[in-house]
Amino acid sequence: MSPLAAQPTRRVAVLGGARVPFARSDGPYATAANQEMLTAALNGLVERYGLQEPGAVGEFVAGAVLKHSRDFNLARETVLGSALDPRTPAYDIQQACGTGLQAVIAAANKIALGQTESAIAGGADTASDAPLGVNDRLRRILLEARRAKSAGGRLKALAKIRPGHLVPDIPRNAEPRTGLSMGEHAAVTARAWGISREEQDALAATSHQRLAAAYERGLFQDLVVPFRGLARDQNLRPGSTVEKLAALKPVFGLDAPGPTMTAGNSTPLTDGAATVLLASEEWAEARGVEPLAYLTAYETAAVDFAGGDVAGGEDGLLMAPAYAVPRMLERAGLGIGDFDLVEIHEAFASQVLATLAAWEKRGLEPLDRARLNVAGSSLATGHPFAATGARIVATLATLLAEREGPGRGLISVCAAGGQGVTAILERR
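Residues numbered from 1 in each chain as written. Predicted model: local features only at pLDDT ≥ 70, side-chain atom pairs only at ≥ 80, totals over all residues. Heavy atoms only, no water.

Enquirer: I tried to follow the nonpolar core on my own but got confused; where do I start?
Expert: Taken as a class, soluble globular proteins show a tendency for nonpolar side chains to be buried jointly. If you look at the biggest cluster of nonpolar residues, it comprises 49 residues, and the most contacted ones within it are L101, I411 and L425. Judged by nonpolar contacts, the second largest core, of 37 residues, contains L15, L45, A124 and A279. (Core = buried A, V, L, I, M, F, W, Y, C linked by side-chain atoms within 4.5 Å. Buried < 20%, exposed > 50% of the residue type's maximum accessible area, 1.4 Å probe, protein only.)

Enquirer: When you look at the packing of aromatic side chains in this model, what are you seeing that I'm missing?
Expert: Any two aromatic rings considered together are summarised by their centre-to-centre distance and by the angle between their planes. Following the criterion strictly, the structure yields three aromatic pairs and no others. Considering the side-chain rings of Y29 and F227, the 5.0 Å spacing of their centres and the 70° angle between planes classify their relative orientation as edge-to-face. With a gap of 198 residues between them, Y29 in the loop between β2 (23-24) and α2 (34-49) and F227 in the loop between α8 (197-216) and α9 (242-246) connect regions that are remote in the sequence. With a relative accessible area of 0%, Y29 lands in the buried category. (Phe/Tyr/Trp six-rings, centres within 6.5 Å; stacked < 30°, edge-to-face > 60°. Helix = DSSP H or I, 4+ residues; strand = E, 2+ residues; numbered from the N terminus.)

Enquirer: What am I meant to see in the pattern of salt bridges here?
Expert: Oppositely charged side chains can form a pair if their charged atoms are brought close together. A complete count under the given rule lists 24 salt bridges for this structure. Here K160 makes a salt bridge to E144, at a shortest N to O gap of 2.9 Å. Taken together, the residues K160 in the loop between α6 (151-158) and α7 (182-193) and E144 in helix α5 (residues 136-147) connect sequence positions 16 residues apart. The class for K160 is partly exposed, based on a relative accessible area of 39%. In the salt-bridge network here, residues are joined through shared partners; they are D136, R139 and R140. (Salt bridge = Lys/Arg side-chain N within 4 Å of Asp/Glu carboxyl O.)

Enquirer: Sorry, what's going on with the packing of helix α4 (residues 99-112) against helix α14 (residues 388-402) here?
Expert: If you want to describe how two helices pack, look at the angle between their axes and the distance between the axes. Orientation of α4 relative to α14, taken along the N-to-C sense of each, is 65°, at an axis distance of 5 Å. Within the contact between the two elements, α4 uses G100, L101 and V104 and α14 uses G389, A390 and V393. (Axes fitted to C-alpha atoms, helices over the stretch in contact; angles between N-to-C directions. Contact = heavy atoms within 4.5 Å.)

Enquirer: Honestly, the environment of E216 in this entry has me stumped. Any pointers?
Expert: Structurally, E216 is set in helix α8. For the pair formed by E216 and G272, sequence separation is 56 residues and the distance between their alpha carbons is 21 Å.

Enquirer: Can you help me understand the side chain of N373 in this one?
Expert: With respect to the secondary-structure elements, N373 resides in the loop between α12 (349-361) and α13 (378-381). What N373 contacts, discounting residues up to four positions off in sequence, is R210, V342, E343, I344 and E346.

Enquirer: Quick question: what am I supposed to make of unusual backbone geometry here?
Expert: Note: most residues except glycine have negative phi, and most peptide bonds are trans. The phi dihedral of D26 falls on the positive side, at around 60°, and the residue is not glycine. Relative to the helices and strands, D26 resides in the loop between β2 and α2. A positive phi angle is found at A96, which is not glycine, with a value near 50°. Turning to its location among the elements, A96 is positioned in the loop between β4 (90-92) and α4. Relative accessible area serves as the criterion here: at 11%, A96 is assigned to the buried category.

Enquirer: Where do I start with the confidence of the model for the protein chain in this structure?
Expert: Detailed reading of the predicted coordinates is not advisable wherever pLDDT falls low. Per-chain confidence: the protein chain averages 94 in pLDDT, with 96% of residues scoring 70 or above. Every residue in residues 1-6 is under pLDDT 50, and counting partners more than four places away or in other chains gives one contact. (pLDDT = per-residue confidence, 0-100.)

Enquirer: Please explain α8 as it appears in this structure.
Expert: An α-helical segment advances 3.6 residues per turn. Residues three or four places apart therefore align on the same side. A rise of 1.5 Å per residue sets the reference length of α8, with its 20 residues, at 28 Å; its end C-alpha atoms lie 29 Å apart and thus fit the reference within 8%. Turning to α8, its buried residues number three or more, namely R197, Q200, D201, L203, A204, A205, S207, H208, L211, A212, A214 and Y215. Where α8 is buried, its residues touch β1 (12-19), α9, β6 (250-252), β7 (261-262), α12 and α13. Within two residues after α8, G218 carries a phi angle of roughly 85°, on the positive side. (Expected span 1.5 Å × (residues − 1).)

What follows is the structure, given as structure tokens:
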């Protein structure tokens, strides 16, 4: 056994989080770049925990899904523009909607191995400021002109440009392997699992109602940093009801009879950023910070959504957590009943319900819905892709600490590309 393999690992504490309120795309944050939002979230965390002094934090890891070329070093540039020590190392990470949670895992691994004492993880995304690419035909002509050896050669290449080449390549919310949007993929899964419209609307309404109640009782007082005139998530509809949602027309799955997915039971395009502070127990104790919870296990998985059992529901685009969670629980010797709280990222209400059904099919006991997303989730908050994982970790840790006694929470995040990232938080 190598010396590294023989090293004992340390417990990783979740100490707190900070995020900006999430906003609908093309709204209050329409001109806010990823770096600006992520810096605001990071500064909120730095200010709350007094992390301004040199060497306070060992590392910053974060990412974004929709990135401009200027975001190539997003995490490091965010550090340089923040109140954190500019000598703090930083790097980017990206795993679609699992980015925020994967950033937490990457930071936690270094803490567990003793390679650093503390780290901040997070993510940001803006659907409003999405990059527009140069038309690929124009790009090829410009490259040809650059490679030309003479002025005449350059002019000959540039003469090929036509008006149609000036139309930019606009980002599409579609999977390259299938051409289908995430919503269309979710509609296929909803049909395969027989998820009803009524179930979806009920879950969506509950998400809004629970998020509103959480704000009212002050759950987010230390988690949300006001930004650009917002103090709470803009997508939140406190008065949301099943009756109101039932009036909305379906927007996905219109190519088949009985479509069930609407704008109300699907997450909107969203802008926002979130961060989480992680540390060793020794670091937390030295600074007098009480851990909210501990990150004790994590698991990732992927499905063959392009060629697997998609019609049967097993390998739908957003179904990887159906594999990751049972595998993680078996490794940890736990069942669903061992969790006080369960956080499932609500990309779509149908996807949450299909995941619950798949867990049962794979031998897990039915989940008590009173334990599911007790402070609301993505249907109510919105979903800035790379920020969601960090939001969920900080919220769940706060909820566990609120209970005062021992507790255990499960996190399940689905992601584009047929992937899933899952984790367990515990408070002992």
